[in-house]
Amino acid sequence: MISQDEVKHIAQLARIKLSADQIEKYQAELSAILDFVGMLANADIADSAPIRQITGLESVFREDADH
């Protein structure tokens, strides 16, 4: 879990003033977000194909090329 001092530092960088209740709330929420990102970093994606575009739209001006 990130510390309250880290939350205060992040708030200072963002130029946001937080109350003591907000610091506790964001401490828990930011910790949960960082834990989730850590889980994503450990996900096995070795057998997954890269996705370059998901909308199905194509350029009408030129052929799409793999880069």
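Residues numbered from 1 in each chain as written. Predicted model: local features only at pLDDT ≥ 70, side-chain atom pairs only at ≥ 80, totals over all residues. Heavy atoms only, no water.

J.: Residues and numbers for the overall build of the protein, please.
T.: Tallying secondary structure elements over the protein gives 2 helices and 0 strands in all. Against the 2.2 N^0.38 benchmark of 11 Å for 67 residues, the protein shows a C-alpha radius of gyration of 20 Å, more extended than a compact globule. Taken along the three principal axes of its C-alpha coordinates, the protein extends 55 × 30 × 20 Å. Taking all 67 residues of the protein together, the buried fraction comes to 9%. Surface exposure of the protein reaches about 6400 Å², of which carbon and sulfur atoms provide 56%. One finds the centroid of the 6 positive side-chain charges in the protein at a distance of 13 Å from the centroid of its 12 negative side-chain charges. (Helix = DSSP H or I, 4+ residues; strand = E, 2+ residues; numbered from the N terminus. Rg over C-alpha atoms; globule rule 2.2 N^0.38 Å. Buried < 20%, exposed > 50% of the residue type's maximum accessible area, 1.4 Å probe, protein only. Areas by Shrake-Rupley, 256 points an atom, 1.4 Å probe, with all protein chains shown as cover. Lys, Arg positive; Asp, Glu negative; His and termini not counted. Charge placed at Lys NZ, Arg CZ, Asp CG, Glu CD.)

J.: Tell me what's going on with a nonpolar patch on the surface, and back it up with residues and numbers.
T.: Residues Phe36, Met39 and Leu40 make up a contiguous nonpolar surface patch of about 330 Å² in total accessible area. Relative to the helices and strands, Met39 is located in helix α2 (residues 20–41). (Patch = residues over 30% accessible without salt bridge, like charges linked within 9 Å, V, L, I, M, F, W, Y side chains within 5 Å. Salt bridge = Lys/Arg side-chain N within 4 Å of Asp/Glu carboxyl O.)

J.: Outline unusual backbone geometry, supporting the account with residue identities and numerical values.
T.: A positive phi is found at Arg15, a non-glycine position, where the angle reads about 60°. For Arg15, the position within the fold is in the loop between α1 (4–13) and α2.

J.: So what about α2? Which residues, and what values?
T.: Counted at 1.5 Å a residue, the expected span for α2 with its 22 residues is 32 Å, and the 31 Å between its end C-alpha atoms agrees. Those residues of α2 not exposed but buried are Ile23, Gln27 and Ser31. Mapping the buried residues of α2 onto a view down its axis gives an arc of 70°, with all of them on the same face. For α2, the exposed residues lying more than 90 degrees away from the buried face are Asp21, Met39 and Leu40. (Expected span 1.5 Å × (residues − 1). Arc of directions from axis to C-beta.)

J.: Describe in detail the environment of Ile33, supporting the description with residues and values.
T.: Its location among the elements puts Ile33 in helix α2. On a C-alpha basis, the gap between Ile33 and Ala14 in space is 18 Å, while along the polypeptide they are 19 residues apart.

J.: Run through the side chain of Gln27, naming residues and quoting values.
T.: Counting through the fold element by element, Gln27 comes out in helix α2. Setting aside anything within four residues of it in sequence, one finds Gln27 in contact with Met1, Ile2, Ser3, Gln4 and Val7. (Contact = heavy atoms within 4.5 Å.)

J.: Give a description of the side chain of Ser31 that names residues and reports values.
T.: Residue placement: Ser31 occurs in helix α2. The class for Ser31 is buried, based on a relative accessible area of 6%. At a separation of 2.9 Å, a polar atom in the side chain of Ser31 contacts the main-chain amide nitrogen of Ile2. (Polar contact = N/O pair within 3.5 Å; in protein donor to acceptor, adjacent residues only side chain to side chain.)

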